[in-house]
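Structure assessment
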Amino acid sequence: MPLRHDAPDTVNGRPAGGSFWFTTGNPGPRRTPLRGRHRADVAVIGAGFTGLWTALALLESDPSLRVVVLEAAVVGHGASGRNGGFCASSLTHGLQNGLLHFPEEVDLLEAEGVRNLAELVSFVRSEGIDAELEETGTLDAAVAPHHVGELEAYAELADRHGVPVQLLSRDEMQAAVHSPTFLAGIRGGAERNVMVNPAKLAWGLAAAAERRGAHIHEGSRVTGLRRRAGAVDVVVDGGGVVTASQVLVGTSAYSAWMARLTTAFVPIYDYVLMTEPLTDAQRDAIGWEGREGLGDAGHQFHYSRWSADNRILWGGYDAIYHPGNAVVPAHDRRDATFETLARQFTETFPQLRGIRFSHAWGGAIDTTTRFTVSFGEALGGRVHYALGYTGLGVGSSRWAAGVLRDRVLRPDSELLRLRFTNSRPMPIPPEPVRTPAVEMMRRAVIAQDANEGRGGWFVRAMDAIGIGFDS
Ligand SMILES: Cc1cc2nc3c(=O)[nH]c(=O)nc-3n(C[C@H](O)[C@H](O)[C@H](O)COP(=O)(O)OP(=O)(O)OC[C@H]3O[C@@H](n4cnc5c(N)ncnc54)[C@H](O)[C@@H]3O)c2cc1C
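Residues numbered from 1 in each chain as written. Predicted model: local features only at pLDDT ≥ 70, side-chain atom pairs only at ≥ 80, totals over all residues.

**A short note on the environment of Ile-320**
You can see Ile-320 is positioned in strand β18 (residues 320-321). On a C-alpha basis, the gap between Ile-320 and Ile-365 in space is 9.8 Å, while along the polypeptide they are 45 residues apart. Here Ile-320 is in contact with Ile-268, Tyr-269, Arg-334 and Thr-337, once residues within four sequence places are set aside. (Helix = DSSP H or I, 4+ residues; strand = E, 2+ residues; numbered from the N terminus. Contact = placed C-beta atoms within 7 Å.)

This is how it looks when you write it as structure tokens:
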């Protein structure tokens, strides 16, 4: 039987895709679609975190620029308004993935990430953005016996790279969060993870960009880019055109509209449940007073957190590819995954058996073979893009925006000399190979969790060519 919930498809006439976050506040004025011909120094495509931080970075560097942001739907409509709100410092999708792909740069990237997160927190506070930001840090739980050794090994690795973490025994972990499934844990500090309400953050960033002079147009889907002398025509569905000297693209998992990006990523859907607010008795029953961002150590992992009004968000586990790179509203719901998540929630918190889920939704993740953001260009260097956060872009999108800004305003920037920013991940074959290849990877990851973390031949072959699976 499908899970019952009352997650809305629209809130105040705006598409919401079922996301709880869209119901939590005021998105600000409706921005008009772009019509007619316009000029800009820089056109930014997409008003998620990447596009909004990019507009801010450009205008903070040069307030005289004319920056036009074009958004197909509404501010924060994509992954930025639907995610778990874990705002992490890591730029590399974790230390281990960083070591796998960028061993020579990982310590520098760790430091850059910590600096970026501190600046993000300070910006949110100084702009007075009500993003429900909580400096909680994280807890990662071992939920299978082999995870305990994995967490111990991770703690040693973290120590070698100056990443402060604290190992927790079974008793300590269960004292922090009362779940019978937790066998050990690792605590990470607030300098490496804070929690946000992501939709409120996106709305606040849009307002901050507009205060600095950005022109944001909603309902303005870009359908193509045309090169012209010394500029690019950005063509918008419905008749608008922006002629811009530079174009910066932040359309993430929706980027198949740019043909050259289709092999750069796979859109993988991730799904989330939100409970109703817990009563005081229910809260006492699970502890979790530190309100940390909570995850587990499986390859198919769960993530969980409190909302400001004391609901619990519970997401992850399934990772679903819809053939043909489809990212459409029909995929915002997936009853089979919602049922699985609900069952696993009750196994984790049996004290909460019977609690109702008020919201259930999904969103597409721009997955790459390196699991990290990557950058590239088109049309002779007039168009630059950033995508590929693979589910960890809330914090790192701000750093990536700085790189996009540097690509057009600061060509001497040291960031542009990093292999992290100037090399690209292995491409992913198009259909008809893509669907069976992604399914094969998915099955391999499931088998790995079932096999005490050991990968089969497929995982080992992928590891050997540098395609990591660790989440
Ligand atoms: C369910 C879920 C949970 C997640 N949890 C976390 C988490 O806890 N922590 C974390 O760090 N990351 C998480 N992520 C990932 C994170 O949300 C993303 O990495 C991040 O939001 C990417 O931001 P973005 O601006 O690049 O992309 P998006 O937010 O997807 O923005 C792209 C925008 O471009 C617009 N667009 C698309 N095509 C066009 C076009 N042709 N013309 C104009 N506009 C266009 C879209 O409408 C959209 O608004 C999660 C993602 C999902 C889906």
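**A word on the environment of Gly-149**
Among the structural elements, Gly-149 can be located in helix α4 (residues 145-160). Taking the number of C-beta atoms within 10 Å as the measure of exposure, Gly-149 has 13 and is therefore partly exposed. C-alpha of Gly-149 to C-alpha of Gly-391: the two residues are 242 residues apart in sequence and 25 Å apart in space. (Buried ≥ 20, exposed ≤ 12 C-beta atoms within 10 Å, placed from the backbone.)

**Structural notes on the nonpolar core**
Within the largest apolar cluster, 131 residues are counted, with the highest numbers of intra-cluster contacts made by Ala-43, Leu-52, Ala-55, Val-67, Ala-209, Val-234 and Val-247. Ignoring any residue separated from it by four or fewer positions in sequence, one finds Ala-43 in contact with Val-68, Leu-70, Val-234, Val-242, Ala-244 and Val-247. (Core = buried A, V, L, I, M, F, W, Y, C linked by C-beta atoms within 7 Å.)

**Some points on the packing of helix α1 (residues 49-61) against helix α9 (residues 396-409)**
Contact geometry of α1 with α9 gives a least axis separation of 8 Å together with a crossing angle of 50°. As summarised for this structure, α1 and α9 are arranged oblique, according to the angle between their axes. The chirality of how α1 crosses α9 is right-handed. Mapping the contact onto sequence places Phe-49, Thr-50, Trp-53, Thr-54, Ala-57, Leu-58 and Ser-61 in α1 and Ser-397, Arg-398, Ala-400, Ala-401, Gly-402, Leu-404, Arg-405 and Leu-409 in α9. Taken together, the residues of the contact of α1 with α9 sort by class into eight nonpolar, five polar and two charged. (Axes fitted to C-alpha atoms, helices over the stretch in contact; angles between N-to-C directions. Parallel < 35°, antiparallel > 145°, perpendicular 65-115°, else oblique. Left-handed = near helix turned anticlockwise from the far one by under 90°. Nonpolar A, V, L, I, M, F, W, Y, C, P; charged D, E, K, R; others polar.)

**Considerations on the site of the ligand**
Close to the ligand lie 42 residues; Gly-48, Gly-78, Gly-84, Gly-363 and Gly-393 are nearest. Looking at the shell around the ligand residue by residue, the classes come out as 19 nonpolar, 19 polar and four charged. (Near = placed C-beta within 6 Å.)

**Some points on the pairing of strand β12 (residues 231-236)**
When strand β11 (residues 222-228) meets β12, the two strands line up antiparallel, connected through six bridges. Paired with Gly-224 across the two strands is Val-235, which belongs to β12. Where β11 folds back on β12, the antiparallel hairpin that results is connected by two residues, among which Gly-230 adopts a positive phi of roughly 70°. As paired strands, β12 and strand β13 (residues 240-249) are joined by five bridges and run antiparallel to one another. Bridging across to β13, Val-232 finds its partner in Ala-244. (Pairing = 2+ DSSP bridges.)

**Details of the packing of α1 against helix α6 (residues 198-211)**
Relative to each other, α1 and α6 sit at 30°, their axes nearing to 9 Å. Comparing their axes, α6 and α1 come out roughly parallel. In the packing of α1 onto α6, the handedness of the crossing is left-handed. Every residue of α6 that contacts α1 at Phe-49, Leu-52, Trp-53, Ala-55, Leu-56 and Leu-59 is listed here: Ala-202, Leu-205, Ala-206, Ala-208 and Ala-209. Here the residues of the contact of α1 with α6 are counted per class, giving eleven nonpolar, no polar and no charged.

**What to know about unusual backbone geometry**
Negative phi characterises most residues that are not glycine, and trans characterises most peptide bonds. In the segment running from Glu-431 into Pro-432, the intervening peptide bond is cis, with an omega of 5°. Mapped onto the secondary structure, Pro-432 falls in the loop between α10 (419-422) and α11 (434-450). Non-glycine residue His-93 carries a positive phi angle of around 60°. Relative to the elements of secondary structure, His-93 occurs in the loop between β5 (86-88) and α2 (95-101). The phi dihedral of Arg-291 falls on the positive side, at around 55°, and the residue is not glycine. Here Arg-291 is to be found in the loop between α7 (280-286) and β15 (293-296).

The values reported here are purely geometric and, on their own, carry no functional implication.
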